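Survey of secondary and tertiary structure
Next come the chains, spelled out residue by residue.
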Amino acid sequence: MSEEYIIQSHGLTKMYGQTAALKNADIRVRKGSIYGLVGNNGAGKTTFLKILTGWIRPTAGSFTMLGESTEAGYRKARTRIGSIIEAPGFYPKLTAKQNLEYYRLQRGIPGKDTVDNVLEMVGLSQAAGKKFCKLSLGMKQRLGLGLALMGEPELLILDEPINGLDPAGIVEVRNLLLKLNKEKGVTILISSHILTELENIATDYGFLNTGELAEEIGVEKLREKCRTFLEIQVTDAAAYAALLESEMLCSNYCVLPDNRIHIMEKVDNVSDYSALAVSHGIGLLGLEMKEINLENYYMNLIGSRKEEA
Ligand code: ATP
């Protein structure tokens, strides 16, 4: 059975003068997933999300979103989408509830209980009567999320929603997103440059690097692919890399700064790798089996693509 994608882009490109903010991106977001869009500052995350939400138009390429692939269709689809791209413009002197009520009426969302329900969902019932300017940063973020949730969207598009939150706030937002995904079946497309924020919630990842999609991978595959790796630091990484290829027939490695090399293949005997250096007169500075996490997986991915370039 083929997967059902809620978003599917083909060759999506956005140019700003000579700069490609997004380059030929084929991104597919499965219905029901929590898709983590990962990338350094300037990688193109916001650009992609802005195209989806209609803030900007692509220079080339196309996309389908909620089954729609025309401008008129996108407009229709966007009524089924909740998004936070930049901090929503709330009124400081209005209360949390009044702010949401204002936007409910402006957007023509029916239901007098809508705002109370949303406030409850984001854990702000107690703060409903507080003026926006008196809310903590975490509360403000959650109010933004509440705004995105009005109208019961099928798809949430969130650009760095966890930015600036304290650890407790991060956990709260994370739990809320998981709940929305599990209990209401909301698909969530969420961007972040702080990878640990996504680590416990994303079911799929898209790794962007200077506008290009370096890899798209499901969490199961990701776990399978990279449980552990060997980090070796030597006095001459280039010479050691050549030996890895010729003597160990190893091609799945990447060279990082400080003469460090990550060997991503299954390592049966760690001492073989130290012996390889020593027997060829290369100084061994460090050798350690490491658990892969999202951070070093991304760094390896970006590192190896730089090597290829
Ligand atoms: P961040 O995590 O910093 O928000 P990002 O991955 O969201 O980064 P984008 O905001 O999509 O990155 O930017 C991608 C590239 O496009 C960057 O090089 C940025 O400088 C450039 N860019 C974005 N918007 C504009 C604009 N309006 N005019 C010119 N260049 C732009």
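Check the entry above for the structure.
Attention here is on the structure that accompanies the text. Not measured: the values here are computed from a predicted model. Starting from 1, residues in each chain are numbered consecutively following that chain's sequence as written. It should be noted that, the model being predicted, local features are given only for residues of pLDDT at least 70 and side-chain atom pairs only at 80 or more, the latter also being counted only at that level, while totals for whole chains, interfaces and linings use all residues. Computation of side-chain values covers all heavy atoms of the structure but excludes hydrogens and water.

**Overview of the site of the ligand**
The test is simple: Here, proximity means that at least one heavy atom of the residue falls within 4 Å of the molecule or strand. Under the rule applied, a polar contact is a pair of N or O atoms within 3.5 Å (in protein, one hydrogen donor and one hydrogen acceptor; residues adjacent in sequence only if both atoms are side-chain atoms). Only the protein chains shown count as cover for residues, with accessible areas throughout obtained via the Shrake-Rupley method and a probe of 1.4 Å. Strands are runs of DSSP state E lasting at least 2 residues, helices are runs of H or I lasting at least 4, and numbering of each runs from the N terminus. Any residue outside Ala, Val, Leu, Ile, Met, Phe, Trp, Tyr, Cys, Pro, Asp, Glu, Lys and Arg is labelled polar, Gly included; the first ten of those are nonpolar and the last four are charged.
Taken together, Tyr-16, Ala-21, Asn-40, Asn-41, Gly-42, Ala-43, Gly-44, Lys-45, Thr-46, Thr-47 and Glu-160 make up the full set of residues adjacent to the ligand. One of the side-chain nitrogen or oxygen atoms of Asn-41 is found 3.0 Å away from an oxygen atom of the ligand. Between the ligand and the protein, one listed contact pairs an oxygen atom with a backbone N or O atom of Ala-43 at 3.0 Å. Notes on the ligand: free accessible area 640 Å², of which the protein chains cover 58%. When residues in the shell around the ligand are grouped by element, the largest group, 3 residues, is from helix H1 (residues 45-52). Here the shell around the ligand is composed, by residue class, of 3 nonpolar, 6 polar and 2 charged.

**With respect to the environment of Ser-192**
Test applied: Here's how the labels work: a residue is buried when its accessible area is under 20% of the maximum for its type, exposed when over 50%, partly exposed in between, all with a 1.4 Å probe on protein chains only. The contact criterion used throughout is that any non-hydrogen atoms of two residues lie within 4.5 Å.
Tracing the sequence through the fold places Ser-192 in strand E8 (residues 187-192). What makes Ser-192 buried here is its relative accessible area of 0%. Distance from Ser-192 to Gly-44, taken between C-alpha atoms, is 11 Å for residues 148 residues apart in sequence. Residues within four places of Ser-192 in sequence aside, it is in contact with Leu-37, Val-38, Gly-39, Lys-45, Glu-160, Glu-197 and Leu-198.

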